[in-house]
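Next come the chains, spelled out residue by residue.
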Amino acid sequence: MPLTQRHTDYHTHILPGLDDGPREMDVSLEMARLFALAGYREIYCTPHLIKGMFDASEADVLQGRNNLQRALEKNGIPIKLLVGREYYLDEFLLDLMKHPMLLEGTTCIMIEIPANTSVDLVKESLFAVKRRGYTPLIAHPERCQLLEMADHSQHSPGRFKRWLSGSREQYNNNQPGNDLLDYLKLLGCQFQGNLGSINGQYGNRVKTSAQNFQKNGIYTHSGTDAHSPESLKTILGIA
Ligand SMILES: [Fe+2]
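Here the structure is a predicted model, which means the values were calculated and not measured.

S.K.: Got a minute to help me understand the sheet that holds strand 6 (residues 108-112) in this structure?
M.R.: Neighbouring strands of a sheet are bound in pairs by backbone hydrogen bonds; such pairs are parallel or else antiparallel. Ordered in space as 3-5-6-7-8-9, the six strands form an open sheet in which the pairing is parallel. Strands with a single pairing partner mark the edges of an open sheet, and in this sheet they are strand 3 (48-49) and strand 9 (221-223). Summarising the sheet, strand 6 and strand 7 (residues 135-139) pair through four bridges and their orientation is parallel. Across the sheet, C108 pairs through a bridge with T135, a residue of strand 7.

S.K.: When you look at the packing of helix 1 (residues 25-37) against helix 10 (residues 229-236) in this model, what are you seeing that I'm missing?
M.R.: Angle between the axes and distance between the axes: these two values describe a pair of packed helices. Their axes nearest at 9 Å, the elements helix 1 and helix 10 cross at an angle of 15°. Accordingly, the angle class assigned to the pair helix 1 and helix 10 is roughly parallel. Viewed along their axes, helix 1 and helix 10 form a crossing whose handedness is right-handed. Residue-level contacts link V27, E30, M31 and L34 of helix 1 to P229, L232, K233 and L236 of helix 10. Of the residues that constitute the contact of helix 1 with helix 10, the class distribution is six nonpolar, no polar and two charged.

S.K.: Please clarify how unusual backbone geometry should be interpreted in this entry.
M.R.: Even without being a glycine, H140 presents a positive backbone phi close to 30°. Following the sequence through the fold, H140 ends up in the loop between strand 7 and helix 5 (157-164). Since 26 C-beta atoms lie within 10 Å of it, H140 is described here as buried. Despite not being glycine, D225 has its phi angle at roughly 55°, a positive value. When you line up the elements, D225 lands in the loop between strand 9 and helix 10. C-beta crowding within 10 Å serves as the criterion here: with 26 such atoms nearby, D225 is assigned to the buried category.

S.K.: Hey, could you run me through the confidence of the model for the chain in this one?
M.R.: Note that predicted coordinates carrying low pLDDT should not be read in detail. A residue-level look at the chain finds 87% of positions with pLDDT of 70 or above and a mean pLDDT of 89. Below a pLDDT of 50 lies the segment residues 152-175, which in the model reaches ten contacts outside its immediate sequence neighbourhood of four places, other chains included.

S.K.: Just to check I follow, could you spell out helix 1 for this structure?
M.R.: Each α-helix turn comprises 3.6 residues. Residues three or four places apart therefore point the same way. End to end, helix 1 covers 18 Å across 13 residues, agreeing with the expected 18 Å (1.5 Å per residue, within 8%). Regarding helix 1, the residues found buried are S28, L29, M31, A32 and F35. Projected onto a plane normal to the axis of helix 1, the buried residues spread over an arc of 160° and lie on a single side. Facing away from the buried side of helix 1 by more than 90 degrees, the exposed set consists of D26 and L37. Those residues of helix 1 that are buried lie in contact with strand 1 (8-12), strand 2 (42-45), helix 2 (58-74) and helix 10. Within two residues after helix 1, G39 carries a phi angle of roughly 105°, on the positive side.

Basis of the calculations
Residues numbered from 1 in each chain as written. Predicted model: local features only at pLDDT ≥ 70, side-chain atom pairs only at ≥ 80, totals over all residues. Pairing = 2+ DSSP bridges. Helix = DSSP H or I, 4+ residues; strand = E, 2+ residues; numbered from the N terminus. Axes fitted to C-alpha atoms, helices over the stretch in contact; angles between N-to-C directions. Parallel < 35°, antiparallel > 145°, perpendicular 65-115°, else oblique. Left-handed = near helix turned anticlockwise from the far one by under 90°. Contact = placed C-beta atoms within 7 Å. Nonpolar A, V, L, I, M, F, W, Y, C, P; charged D, E, K, R; others polar. Buried ≥ 20, exposed ≤ 12 C-beta atoms within 10 Å, placed from the backbone. pLDDT = per-residue confidence, 0-100. Expected span 1.5 Å × (residues − 1). Arc of directions from axis to C-beta.

This is the structure we're talking about:
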């Protein structure tokens, strides 16, 4: 899926007062107006669930969605809100998977992989999630260094040496790779890219990574991961 599709946003922090998104309903409404202006019609509300930091309950999320949906209707903003969570891959994840909140209408559970996690914990956790019958949807994999692909399109000494030796076949073998990414793909994970990553919002390293993911057809879902009207304007390129 191209990250630039603008019908459904699978990853937002638009609900007020539940995480590090907006605190007030008015701000959520402003974000919704921007989404509608940009052409979006469906928005997944995916507040963080990080134990000890953002602990809003499933009931809080449902109530928050219902309240905001009513406000959208009252204000004539043509957007349908769906619920989900952004889970954090740590030692508490599997306990939370006993009663997970799926992305509404799907079998997907959105999970972010923190930079300081071990490869073993990632593999074990996502294997267990999959065994329970769910589809792990990896949030913004391009921002996770564990999933960074080797970029053979860069000018590396190895590549130059291969060119000098005349091995054009190898020279043109532009297949990025990453063992953990290959494992997750085989496991049946899906991958949600951030629109701001491809726009360079997180710097050149993440932008290059997002370009590699896009070029290799890895993204299955697109999202803004918007936390405020200001960040959303930047992501969507609205002045
Ligand atoms: Fe997020």
